[in-house]
Each structure stands twice: as structure tokens, then as C-alpha cells.
Amino acid sequence: MVSTIQQPSNHPLAEYVHRLEAGEALLANNQINVLEVVGILKSYGIVLDAYSKNLIYIADHQFLELFPFFKYFNGEVSLGKLLRFWNHDRINYEYAEYVMKTMMWHGGGDLDTYLDSPEFLERAQRVMQAKTKNNWLVSSLQRFFPDFLPEQIRQLAYYKVLGQFWRVMSDMFIDLSDRFDRKEIQSIAEVVQHVQDALVAAASQPLVYAVEVKGQVYDIIPESAGLTFLMDAAVPYVDTIFFRGTPFLGTVSYNAQAQQIPVFQDQFTYGALYADPLPIGGAGIPPTLLMQDMRHFLPDYLHEIYQRGLRGEDDLRVKICESFQKSMFCVTTAAIRGLMPHPLDTEDPKQRQANRVYLEKWMDRFMTSRLQIVNVPDRY
Amino acid sequence: MLSGLIWIPVLGAILVAFWPQTLASHRYRTLALIFAVITLGLSVVLSSQFIQLEPGQQFQEALPWLDNLGLTYRLGVDGLSLPLVLMNCLLTGVAIYSSDEEIRRPRLYYGLLLLLSAAVTGAFLAQNLLLFFLFYEVELIPLYLLIAIWGGARRGYAATKFLIYTAISGVLVLASYFGLAWLSGSFNFDYETVIAHTLPMGQQVVLLSLLLVGFGIKVPLFPFHTWLPDAHVEASTPMSVMLAGVLLKLGTYGLLRFGYGLFPDAWQVIAPWLASWAVVSVLYGALAAIAQTDMKKMVAYSSIAHMGYVLLAMAAATPLSLVGTLMQMISHGLISAMLFLLVGVVYSKAGSRDLNVVRGLLNPERGLPLIGTLMIVGVMASAGIPGMVGFIAEFVVFRGSFPVFPVQTLLCMVGTGLTAVYFLLLMNRAFFGRLSEAVENLPPVTWRDRAPAIFLAVLIVVLGIQPNWLTTWGETTITALAPVSTTVVVKATPIPEVVDPTEKLLKESLLTSSAAIALEEN
């Protein structure tokens, strides 16, 4: 008789394999973790709302503008807004662009494939001709550097796709916070389930991109391209931003010649799950921008937790980053569970074994991540 | 007025020490600070009334005391002692302000601190050799107790070592004074009387040697320095501020006032040896600093190196180099006080000064970014980066000494290069890189912690940009101290009248160098 009892995993991170198999999350479930994760995702949701609107605005309304001076103004240019902008009373939209460029650089999903296809190029040519007609500067630029404008349009496509992705995520996080306020969410497992459900619900939402030039609408990513939310935006996003990322300038000195940066992009481990929160606050590093944005929208209960820390307000952004990292492990848990080859509660030993192999592969990637550090209780 | 500078802190000390034990610890600090500020205010008033063009002693006070012993209560201030008195009053205030709010036995602590300040002021103002000696010895007692009671783990050892060394220093100084009296046949110890004695060269050299070793221990100069790093490491931060900022200056002041002042002929004979001694002290201090892993010990050894420059300038004894001695004393007082304050903050927050433990303190949110920034300012000033007082002081020292002792000056200049080496090592290890795990969760730094160092940093920069404010009091006195070679100078090249004091100093230095060349030719 074949035993249906599965042997424990021998993986160095077996504890987390077993947690996931038991329907729990990568992040330990306790009250502080729930408060931190929900609170930080609320402020993240508010920030993502702004990022998303701006990315879509740039993709739609700053299309092939050579000098997009006011691209962060979302079409509302006024002296007051300009003064506030100069006074740094604004959202750091640069962070959103940094993420967009990182996604574009790593590629992944069918979006990457589509943007290299002849169909895309043909559509790009059409819209370029319409846009550069009677514009001698841009048309001559195109003549001398024929790859320049198509690459710009590829980038604008990423603006649009990331904007659409974050639109869904923003609503999901705000909804999570509302449910928490209504006491419908009380554990980390419920947070993960909320995210997973929302991802599944939006999974087949199409990714499309069309611009209007001189009164005519041009499709750049048509619905017929078959790009969808989960596989062509969410999965590449998680892989790029949570795992791979880029070495942040100024945080650590990397010497590429000494092989301190992997040769292959898929071996990068500079993503959010690996990031060291301590350098946050340093000028010129993208995570500082995000944490700076989020600090303006912290819910009171989370702010109070931070103020109780040894340094109070002084290291707020580092604490935000630590909470943010915890929350990203929850989103990653949701993604891992959503992509499981077989249902979690399957009784079939083969399917359970397949799930085990799948989870252990993820754990291989977590080996150098901050998974164990975020699970150290009362670290600060 | 001069007595006020001594007796107001003494009064404060008595009041604080005998105040009923009813106040919170920080209230005693406020009380002590009030007296320190009053004394500082008085010293500022004194400075404003000081006649800068008068080279001799001013505001003199004289009271008969033990006339049979030759001890009179005779005080006076000139351009050499005034800046040092001012710095003492200032750093006393800084030391009190930066003392721990919850310090144990506050009444005794602040009482001793004020007593220390009073004794140091007394030594700078004393115009009688025995009176100077009394003050010189009196300051040992409070400082010994301040290290022995409020010091670190090995405070007993460090305090006793300090006491033995500096007591020997006092004995040697006293022996020299008695020798001078005995050989000159007069037991009047008033400075004005004593300075008129002329002794044979051999006797002068012997007496001067006693003073050199005596004050050399206090400065300290190699090889009499070993008490200093121990004392600094075990002393609390305010004590290190007083020790480096003021106490060491008693040694250099003594050398200039009594060594050079009383035995100018013998001084000129042994000057080349003194210059070489300065080189050894500078290079030894700098090389020893490089080898340290304790931040405080590194700053302590840097003090030994920097005080060597003062000896070099004194040995050269040109008008410019003598101005340089005063500038270097003030500059070192301010810079080392600032560095010790900053190291103190690092120690109190990180719990360690070990460069193998403490790293990455410039971390913007969890580290000590402002303290690190001030540390950069401090080490730049110490390494003689232009724009700060350390540069101009060292520049004047080297410029004044080079015509007389070119080789020794160049070797001392190597010492400034080494300053950059050990302080860059300190900065690189303690402040750059990732914050080490051991110190990831530091308590917050308050503006109270930062304020004294910021104040000194401002002073260091202001005096670096406007060094005339530093030399304005001492220039006339020190120029008058300059050796007989001035007459040779005048014969060699007539000095055109100049109004700007800086220009005047530079001209004099040029002329001294031309005189040296002329002497060599002869």
C-alpha cells in the first residue's frame, strides 16, 4: 500500500515550504505584522493610484513629446502647482518611471515578445508617421536614427501596461484596507487570500494601448494581441521588481569587473525581497523616493507603531521599507499560490509532489532574500 | 578683574559642592554653567578692554603673601595668556554643557570641574613663579579625581598614571625655579624680577633642561607621553575636552613663558635639538595614531603629533613662528575638543569606539549622519585643509619655522600628511560602508548632543577664514618675545611701515629668513 503521508522537505527553507503547503503565508502571522502589512499597503495603494494615473497620462498624452517638461503635472499646469513642485511638495513620479524602465529592461511575458514583433513595428510606423508629419525635427531624427522612435513607443507601451497593472493593485490595496477597517481581515493568511482573489479576478483583463493623434485613434497594443493582466503584467512584474531588480546606485558599491554583478539578468537578486532597508534615506536611490511618498499617507495606527520605536520619527523611512518588504512577501505568497500547478488541498500524491517541487524551486530563489530576517520577531 | 576670573569659578565650585542635596542632577549643571558663563563673560569684557598694542602685562594685581618665601599673589595678562584664558573659559562652559545630565554625585563633579578651570586660569595669569607652580599643581587634584571617579573601566590606573607623571612634571618645574633662585642668589620669584637674571650658559642649559622635561611631560612630548592616551581613553568626554583643549596648553605655555622666556640664550643653543625632538614627537604621534583601533586613542595620539608643531615653532623662535605657536595652541584646543566631543557622542550612542565594530555611521536614518558630517569637518580641520583654523595655524608654524629649520619643518609637514592618513582611516572605517549589525539600532541623537560640536565647528571655520581675530591679541606680545635676531634683521633690510598686521607678519618672516641667510653667509 502506497503511503499518502508526504515526507518533510529537506530544503534549507523547508519551514517555509511546509508553511505554504499548510495554507499559511511566507510572513508569520501576528498582530503587529497584520497592522504593518495592511497599513503600509494602504499608503502604498494611495501612492500607486497617483503613479498609475501619471503613467497612463504620460503614455496617452505625452506620446512622442521630445521635451515633456510637464509630464508629472497630469495636464494641470499652474504657477501654484509649479511652486509646490519646486518645493518638493509632490509625489516622486520618478520612482514609477524607474520601475517601468526596470520592467522594460528585464522583459518577460508576452508583452516583451509582442513589442519585438513585426505587427508592433508596423503599428508603430503608422502612428509615427502621423505624429511626425509636418514636424521636421522629429522626422529628421527618425531618418537618422530609425530605431529611436520605435524604442520610445516600446517604452510608452510599458508606461501604459505598468499604469494599468498598478491601477488594479491600487484598488486592491485600498479595498484590503477598507475590509481591515470593517474587521473582515484579521490575519496574514486573509491578507494573502484577498490579494490572491483580486489577482485571479483580474487575471484575464486585457492589456491594451491606443493613442489619439490628430483626431485619429491608433492601436499600439490591440486586444487581439491577447495580452492579459496576470501573465503579461503581474507575473513579469513580480519577477522583475520583487526578485531581480537592479543594483541601486549608492546603496552598495558594486564592481561589475569583479563579478559582483551577475552576467545574466535572470540571476539578479536586487529586487524588493532582497533589498537592504538600511540605506533608505540616502539621496539618489529609488527606494527612498517610494518610502518618502508613502510616509505622507501612513494610517494613524501604523504611524503610532513607528513612533514607539527607539528612533521615533528619525528612521521612519527605514521602518516603512521594512514593513513594505513584509507586505511584498505577502503579495509574493499570493502570486506563488496563484501559480501553483495543482490545488493546495489535492489528495493526489503525484500532484502534491509536483507542488512540493514547485515550492522548493521558489525557495531556491529565496535563499539569499530577506525572508528569514523579516520573520525575526521584534527585530527593532 | 583678573582675580574674578579665578575666584568666581572657585565661588561657584564651593556653592555647587555645598548646595543642599535637594536638586535634580541637571540643576547642578545649570548652576555650574551659570558660573562658567559669568566667567566667560568677564573674560570677554577683559578682552574688549585689553590694549592690543601694549606688549607687557596688563590689568596687573599684586598682593603680598608669603614674602619670606618669595611667593606673592601677582597676576597679569598679556597677549600670550589672554587667548588661552579665553579658550579655557569657553571650553569649561562646553565641558559642563556636554556633561551627562544624570551624572553620579553631581555636586562634587561640577565643583571639581569649576575648580579645575579656576586653577588653569590662575596658572595662565600668575606672574610669580611659585604662584604659577601652585596653580599648576592645584589643577592636578580635581582632574585626578574627575578621571578616577567618573572615568571608564581602568580609570584607577589611568588617573594614577596621570598623577604620577604630572606630579613629576611639577617637581621638575619647581626644581628649575629653585635652581634659578639659588644660582642667581635672589629668592624673589616675581616673573619681572626673575627674567632680569643672567646666568652662565651651562647653568641655563641645566635649568632649561629641567623645565623642558617638566613641561614636556605635560605637553606631552615623546617619550613622556604615555600617560595621555590612557588618561583620554578612561576620562569621560568633558574631561577629554578639558584635557586636550586646555590642560596640555599649560605645558606649551610653560615652555614658552618660562623655558624660552627665562633662558633665551640657552634656548637658542639647544633649539636645533628641540626642533628634532618636535619631529620625533610629530612623526611618532602620527604613526602611533595610524595603528590605533580605538577612535579616542587615535585622537589622543593625534594630539601628541599636533603639539609637536608647537615645539617646532618655539624652537625656530622667529616672530612668525612664535605667533604660530599661539595659533596652533588655540587651533588644537578647538579642534581636539570638537573631535573628542564627537567621539564621545559616537561612544554614548553606539556603545563602542572600536573601529573593528563601528561602521557605516553616516547612514542617513539609523546612523549618526550629522555627527559624521561634523567629524568630517573636524578631521579636515585637523589635517590642515584650507578654510579652517588648522590650516592657517599649521601654515604659519611651517612658514615661520622653515627658514630656520628647513629639514625639521619638512619632516613635520610629513606629519600633516599622516594626519590625513589616520583620520581618513577613521572616517572610512567608522562612517562609510554599511552600518554594522552591532550598531543597527542606535538611540536618537538630540540637538543637545550636537550643539557643542556645531558651535566649535563654526568657530573653527570662522577663525580659519578670519585668522586675524586669533592673532590680534597676541601679536604685539609675541613679537616682543622674538629673539635678538630682529636687530640683525633691521640691519640687513629696513622694514617699511605696514599697517595690515598679516602683511607685517609675512614681511617679518621674510626678513627673518633673509637674516638667517645673512647669518649663514657670515
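Scoring rules and cut-offs
Residues numbered from 1 in each chain as written. Chains lettered and ligands numbered in written order. Predicted model: local features only at pLDDT ≥ 70, side-chain atom pairs only at ≥ 80, totals over all residues. Heavy atoms only, no water. Helix = DSSP H or I, 4+ residues; strand = E, 2+ residues; numbered from the N terminus. Rg over C-alpha atoms; globule rule 2.2 N^0.38 Å. Buried < 20%, exposed > 50% of the residue type's maximum accessible area, 1.4 Å probe, protein only. Contact = heavy atoms within 4.5 Å. Areas by Shrake-Rupley, 256 points an atom, 1.4 Å probe, with all protein chains shown as cover. Lys, Arg positive; Asp, Glu negative; His and termini not counted. Charge placed at Lys NZ, Arg CZ, Asp CG, Glu CD. Core = buried A, V, L, I, M, F, W, Y, C linked by side-chain atoms within 4.5 Å. Salt bridge = Lys/Arg side-chain N within 4 Å of Asp/Glu carboxyl O. Nonpolar A, V, L, I, M, F, W, Y, C, P; charged D, E, K, R; others polar. 1 Å grid on protein atoms, 1.4 Å probe; cavity = no way out; pocket = protein on both sides within 12 Å on 5 of 7 lines; lining within 4 Å. Points joined across faces, edges and corners; volume = space filled by probe spheres on them. pLDDT = per-residue confidence, 0-100. Phe/Tyr/Trp six-rings, centres within 6.5 Å; stacked < 30°, edge-to-face > 60°. Lys NZ or Arg CZ within 6 Å of the ring centre and 35° of its normal. Pairing = 2+ DSSP bridges. Expected span 1.5 Å × (residues − 1). Axes fitted to C-alpha atoms, helices over the stretch in contact; angles between N-to-C directions. Parallel < 35°, antiparallel > 145°, perpendicular 65-115°, else oblique. Left-handed = near helix turned anticlockwise from the far one by under 90°.

Another aspect to go through is the overall build of chain A. What chain A contains, in helices and strands, is 15 helices and two strands. Over its C-alpha trace chain A gives a radius of gyration of 22 Å, about what one expects of a compact globule, namely 21 Å for 380 residues. By its C-alpha atoms, chain A is 75 × 55 × 50 Å across when sized along the principal axes. In chain A, which comprises 380 residues, the share counted as buried stands at 52%. Looking at chain A alone, contacts between residues at least 24 apart form 74% of all its contacts between residues at least 6 apart. Only carbon and sulfur atoms are counted for the fraction: they give 54% of the accessible area of chain A, which is about 18,400 Å².

What follows covers the overall build of chain B. Within chain B, the regular secondary structure consists of 22 helices and two strands. A globule of 522 residues ought to have a C-alpha radius of gyration of about 24 Å, and chain B, at 22 Å, matches this closely. Residues counted as buried form 60% of the 522 residues belonging to chain B. Counting contacts in chain B only where the partners sit at least 6 residues apart, residues at least 24 apart contribute 80% of the total. Distance from the positive charge centre (26 side chains) to the negative charge centre (28 side chains) of chain B: 11 Å.

Our focus in this paragraph is the nonpolar core. If you look at the biggest cluster of nonpolar residues, it comprises 298 residues, and the most contacted ones within it are Tyr44, Trp166 and Phe366 of chain A. In terms of residue count, the dominant contributor to this core is helix 14 (residues 319-350) of chain B (19 residues). In this view, Trp166 of chain A contacts Tyr44, Leu48, Tyr51, Ser52, Leu55, Ala96, Val99 and Tyr237 of chain A; residues no more than four positions away in its chain are not counted.

For the rest of this paragraph, the subject is helix 10 (residues 229-244) of chain A. Counting buried positions along helix 10 of chain A gives 14 out of 16 residues, so the element sits mostly inside the fold. Gly245 of chain A sits one or two positions beyond helix 10 of chain A and adopts a positive phi of about 60°.

Moving on to the environment of Ser52 of chain A. Residues and elements named next belong to chain A. Along the chain, Ser52 falls in helix 2 (residues 31-61). A residue is classified by how much of its surface remains accessible, and Ser52, at 1% relative accessible area, is buried. Note: C-alpha distance between Ser52 and Tyr159 (107 residues apart in sequence) is 8.9 Å. When residues no more than four places from it in sequence are discounted, the contact partners of Ser52 are Gly163, Trp166 and Arg167.

Turning to the interface of chain A and chain B, a few remarks are in order. Each side of the interface is counted separately: chain A has 17 residues, and chain B has 15 residues. At the junction of chain A and chain B, the tally comes to four salt bridges. Residue Arg366 of chain B pairs with Glu322 of chain A through a salt bridge whose shortest N-O separation is 3.4 Å. Its residues assigned to classes, the side of chain A that touches chain B comprises seven nonpolar, two polar and eight charged.

Turning our attention to empty space enclosed by the protein. Residue and element names in this part refer to chain B. Across all of its chains, the model carries two cavities of 30 Å³ or more by this definition. Volume-wise, the largest cavity comes out at about 80 Å³. What lines the largest cavity is a set of 14 residues, among which His306, His332, Ile335, Ser336 and Ser382 lie closest to the centre. With six residues, helix 14 is the largest single contributor of residues to the lining of the largest cavity. In terms of residue class, the lining of the largest cavity is built from four nonpolar, nine polar and one charged.

Another aspect to go through is the side chain of Asp190 of chain B. Considering the arrangement of structural elements, one finds Asp190 of chain B in the loop between helix 7 (155-184) and helix 8 (191-194). Judged by its relative accessible area of 7%, Asp190 of chain B falls in the buried class.

Residues and elements named next belong to chain B. On average, chain B scores 88 in pLDDT, and the residues at 70 or more come to 92%. Under a pLDDT of 50 for its full length, residues 484-499 has, in the predicted model, twelve contacts with residues more than four places off or in other chains. Here the prediction assigns the complex a pTM of 0.86, and the interface score ipTM is 0.82.

It is worth spelling out the packing of aromatic side chains at this point. Under the definition given, this model contains 44 aromatic pairs over all chains. When the ring of Tyr114 of chain A is compared with that of Phe120 of chain A, the centres are 6.0 Å apart and the planes differ by 70°; the resulting orientation is edge-to-face. Taken as a pair, Tyr114 of chain A and Phe120 of chain A share a single burial class, namely buried. Ring centres 5.9 Å apart and planes at 70° place the aromatic pair Phe178 of chain B and Phe189 of chain B in the edge-to-face group. Of this pair, Phe178 of chain B sits in helix 7 while Phe189 of chain B sits in the loop between helix 7 and helix 8, placing them eleven residues apart in sequence. Note on Phe189 of chain B: relative accessible area 2%, which makes it buried. Lying across the ring of Phe243 of chain A, Arg365 of chain A places its NZ or CZ 4.3 Å from the centre.

Attention now goes to the pairing of strand 2 (residues 216-221) of chain A. Residues and elements named next belong to chain A. Alignment of strand 1 (residues 209-213) against strand 2, held across five bridges, turns out to be antiparallel. When the sheet's bridge partners are listed, Glu212 is paired in strand 2 with Val217. In sequence, strand 1 turns back onto strand 2 through a hairpin of two residues, with Lys214 there showing a positive phi of about 50°.

Residues and elements named next belong to chain B. Of the voids in this model, the largest pocket is the one considered here, and its volume is about 730 Å³. Lining the largest pocket we find 29 residues, and of these Ser98, Asp100, Thr237, Pro238 and Ser348 sit closest to its centre. Broken down by secondary-structure element, the contributors of at least two residues to the lining of the largest pocket are helix 10 (227-234), helix 11 (237-262), helix 14 and helix 18 (447-465). Examining the composition of the lining of the largest pocket, we find that six residues originate from one element, helix 14, more than from any other. Of the residues contributing to the lining of the largest pocket, the split by class is eleven nonpolar, eight polar and ten charged.

A turn of α-helix holds 3.6 residues, and therefore any two residues three or four places apart point the same way. All names here are of chain A. In this model helix 8 (residues 148-181) runs 49 Å from its N-terminal to its C-terminal C-alpha over 34 residues, within 8% of the 50 Å that 1.5 Å per residue would give. Most of helix 8 is tucked away: 24 of the 34 residues are buried. Positive phi appears at Lys183, one or two residues downstream of helix 8, with a value of about 65°.

Let us now look at the confidence of the model for chain A. Per-residue pLDDT for chain A has a mean of 92; in total, 97% of the residues score no lower than 70. Mean pLDDT values over the elements of chain A span from 87, in helix 7 (residues 136-144) of chain A, up to 97, in helix 2 of chain A.

It is worth spelling out the packing of helix 2 of chain A against helix 8 of chain A at this point. All names here are of chain A. Between helix 2 and helix 8, the least distance of the axes is 7 Å, while the angle of their chain directions is 150°. One way to sum up the angle between helix 2 and helix 8 is to call them roughly antiparallel. Between helix 2 and helix 8 lies a crossing whose hand is left-handed. For the contact of helix 2 with helix 8, a count of residues per class yields 21 nonpolar, six polar and six charged.

With that settled, the discussion passes to the environment of Arg434 of chain B. Take Arg434 of chain B: it is sitting in the loop between helix 17 (406-430) and helix 18. Since its relative accessible area comes to 34%, Arg434 of chain B is described here as partly exposed. Arg434 of chain B sits 75 residues away from Arg359 of chain B along the chain, and the two C-alpha atoms are 6.7 Å apart. Residues in contact with Arg434 of chain B, not counting those within four places in the same chain, are Asp276 and Leu278 of chain A together with Arg359, Gly360 and Glu440 of chain B.

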